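# A look at the structure
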Number of protein chains: 2
Amino acid sequence: MTDKTYVFGHTNPDTDSIASAISMANLQNQMGRNAESYRLGDINKETKYALDTFGVNEPEFLSKIDKQSNVIMVDNNEFSQSVTGIENAHIQMVVDHHRLNLHTAEPVYCISEPVGCASTILYKLYKQEDISITPRIAGMMLSAILSDTLMFRSPTCTQQDRVIAEKLSKIAGINLYDYGYKLLEAGTDTSDCSADEIIKLDSKDFKHHDLKITISQINTSTIDEIFKRKLEIEKAIESRIQNENIDLFIFAVTDILEANSKVIVLGNRTDIFKKAFHTELIANTTILNGVVSRKKQILPAIIEGLEQKIQLQ
Amino acid sequence: MTDKTYVFGHTNPDTDSIASAISMANLQNQMGRNAESYRLGDINKETKYALDTFGVNEPEFLSKIDKQSNVIMVDNNEFSQSVTGIENAHIQMVVDHHRLNLHTAEPVYCISEPVGCASTILYKLYKQEDISITPRIAGMMLSAILSDTLMFRSPTCTQQDRVIAEKLSKIAGINLYDYGYKLLEAGTDTSDCSADEIIKLDSKDFKHHDLKITISQINTSTIDEIFKRKLEIEKAIESRIQNENIDLFIFAVTDILEANSKVIVLGNRTDIFKKAFHTELIANTTILNGVVSRKKQILPAIIEGLEQKIQLQ
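Residues numbered from 1 in each chain as written. Chains lettered and ligands numbered in written order. Predicted model: local features only at pLDDT ≥ 70, side-chain atom pairs only at ≥ 80, totals over all residues. Heavy atoms only, no water.

This part takes up the interface of chain A and chain B. With 24 residues of chain A at the interface, the matching set in chain B holds 24 residues. Across the chain A to chain B interface the summed buried area is about 2200 Å²; carbon plus sulfur atoms make up 55%. When the buried surface of chain A facing chain B is broken down by residue, Leu100, Ala105 and Pro107 of chain A rank first, second and third, together holding 25% of it. On the surface where chain A and chain B come into contact, there are 0 salt bridges. (Contact = heavy atoms within 4.5 Å. Buried area = accessible area lost by both parts, 1.4 Å probe. Salt bridge = Lys/Arg side-chain N within 4 Å of Asp/Glu carboxyl O.)

Membership of the largest hydrophobic core comes to 102 residues, with the highest contact counts inside it found for Met24, Val95 and Leu168 of chain A together with Met24, Val95 and Leu168 of chain B. Counting residues in hydrophobic clusters, the runner-up holds 32 residues, among them Tyr38 of chain A together with Ile65, Ile86 and Val108 of chain B. (Core = buried A, V, L, I, M, F, W, Y, C linked by side-chain atoms within 4.5 Å. Buried < 20%, exposed > 50% of the residue type's maximum accessible area, 1.4 Å probe, protein only.)

This paragraph deals with the relation of the copies chain A and chain B. The transformation that overlays chain A on chain B combines an axial shift of 0.1 Å with a rotation of 179°, and the residual RMSD is 0.1 Å. Expressed as a symmetry operation, the mapping of one chain copy onto the other fits a two-fold axis. Within chain A, the C-alpha atom positioned nearest to the axis of rotation is that of Ile111 of chain A, 2.3 Å from it. When the interface residues of chain A are mapped onto chain B, 100% of them are again interface residues, pointing to one common binding face. (Least-squares fit on C-alpha atoms with pLDDT ≥ 70 in both.)

Turning our attention to the side chain of Arg229 of chain A. All names here are of chain A. If you trace the backbone, Arg229 turns up in the loop between α8 (223-227) and α9 (230-244). There is a polar contact of 3.1 Å between the side chain of Arg229 and the side chain of Glu232. Apart from residues no more than four positions distant in its own chain, Arg229 is found in contact with Thr190, Ser191, Cys193, Ser194, Ala195 and Ile198. (Helix = DSSP H or I, 4+ residues; strand = E, 2+ residues; numbered from the N terminus. Polar contact = N/O pair within 3.5 Å; in protein donor to acceptor, adjacent residues only side chain to side chain.)

Okay, the environment of Ile171 of chain A next. Residues and elements named next belong to chain A. In this fold, Ile171 is placed in helix α5 (residues 159-172). Classification of Ile171 by relative accessible area gives partly exposed; the value is 30%. Taking C-alpha positions, Ile171 is 46 Å from Asn243, a pair spaced 72 residues apart along the chain. When residues no more than four places from it in sequence are discounted, the contact partners of Ile171 are Ile133, Thr134, Pro135 and Ala138.

A few words now on the side chain of Thr149 of chain B. Residue and element names in this part refer to chain B. Inspection of the secondary structure puts Thr149 in the loop between α4 (135-148) and α5 (159-172). On the basis of relative accessibility, which here comes to 0%, the residue Thr149 falls in the buried class. Reaching out from Thr149, the side chain makes a polar contact with the backbone nitrogen of Phe152 at a distance of 2.9 Å. Here Thr149 is in contact with Gly116, Ser154, Cys157 and Asp161, once residues within four sequence places are set aside.

Residues and elements named next belong to chain B. Running from N to C, helix α1 (residues 15-30) and helix α3 (residues 118-128) cross one another at 15°; their axes reach a closest spacing of 9 Å. Classified by the angle their axes make, α1 and α3 are roughly parallel. Read as a crossing pair, α1 and α3 show a hand that is left-handed. Touching Asp16, Ala19, Ser20, Ser23, Met24, Asn26 and Leu27 of α1 are Ala118, Ser119, Leu122, Leu125 and Tyr126, all from α3. When the residues that make up the contact of α1 with α3 are grouped by side-chain class, the tally is 7 nonpolar, 4 polar and 1 charged. (Axes fitted to C-alpha atoms, helices over the stretch in contact; angles between N-to-C directions. Parallel < 35°, antiparallel > 145°, perpendicular 65-115°, else oblique. Left-handed = near helix turned anticlockwise from the far one by under 90°. Nonpolar A, V, L, I, M, F, W, Y, C, P; charged D, E, K, R; others polar.)

Shown next as structure tokens:
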């Protein structure tokens, strides 16, 4: 057996990062290769619900990776969102659906597609390799698609995600919509989370030249419920900003039924946010109508705003 | 019809950059999309031989690209090796087999594989889309594989390249080895080239932080023939270094039969080269045994050397 390949998604793992790591490791195993899935952080409640439903064990936690270890990155291609030591690992493969921000010294196998979910691409890799998908793996991949596309309501969702989710629901033997509502509902329960936990649930860091930008997002069916804790959440954000030298922190509370987001924006560079969205902040807050996707809506607007500024200088 | 998509490889195009642009534009056309192949520089003699053999017109020259134009990048993913204006174009797709060095604001369709030739990946895309390959297109794709893999002798060559080249030679109705020798031979004729033309034939620029590194390569069956013109070539390199503020210029003359390279190394940072290859230069020159691939051997050694240095600082 060759050296083990470590398969993982991004830090602060969401359901897709866990499901695509599990299904990629399984695909490699089925092809006779030594691979294992890992998580780069705590499992959230939505993912736990999926794992429990389909009787799948949660992957082991990985805090750092040794030099020259073999790695497959799924649902992520940015070192800033990956494990400590990734810069010196040997990246065998990347399967992702986010913007590309990757440098390698040598050619690697990379497949990135603008679909709603990494698990959608994984499904096609199983088909390509002619390897059958078990009901458990299908259930995890389905959960990832439902989660990433907010049950097909996100602008990131494509026809491929819909068609493949239907197929996976049949393999998993589960009603897609019944299960989907329960899954998303499980993810919105923050009643026993501290404010710090809430802003860390699905938080991603981005670097743009010298700027450090954090965009944290939470899905909910009741925005007001989260905003009752606004002061407490703002304190937690301020503390993160201090400790991690963050220039701009955007916390988006996304109503998954109404498809809007209410945001709290803090840091010494809130001007970037205001310019990007042509909006003012009232008590650090504004509503972004129709905005539900960090990847397809919030981050591109911020980057476009930044690059225009750079051109003007 | 939608807006035209511009399809092109890298500047200083080699046979793969031209062939994969032609075959990708053709694939898009067969799928009912408006796409056209372009070249980002003069056609070299090897590529001309392939175009003439298979009766294919050379693509039009493209000097710059308008903002928001739709683009497919083949055989390249680095802006520094692409057309002027690429930063503001809309990249629809990337098909490549080089190291990854790409930043995008939004997710894009990118397929990169560590195979010997971009045309090898293109062949698989034709199969995936169930679109038949004409003898002319097959001939161009075959030429690209023979060229990039030095007739399967380069360490970049994989089993896939070999198998697909065989299939393409049957579609093209041509003897793979007979044609291959003639193709590579056509590319080594530099008798009527100026020294400046010789160093520009297959030259690629790389940026590493503030460093500008140029690696130019020429294939030959007689290294001595090129080195008869060493002084003249050194002058041409020095002039390029001055005009383009290059820190390190590596000119590799690769013997395609013996699988060695003799290099001329100039610039104020030749120390980088010497450290990377643990070698000294005698009269700006050394022999690299077994080194034939810029992508897989020369560039990774240089980058590894640089990154080690950065870590030590």
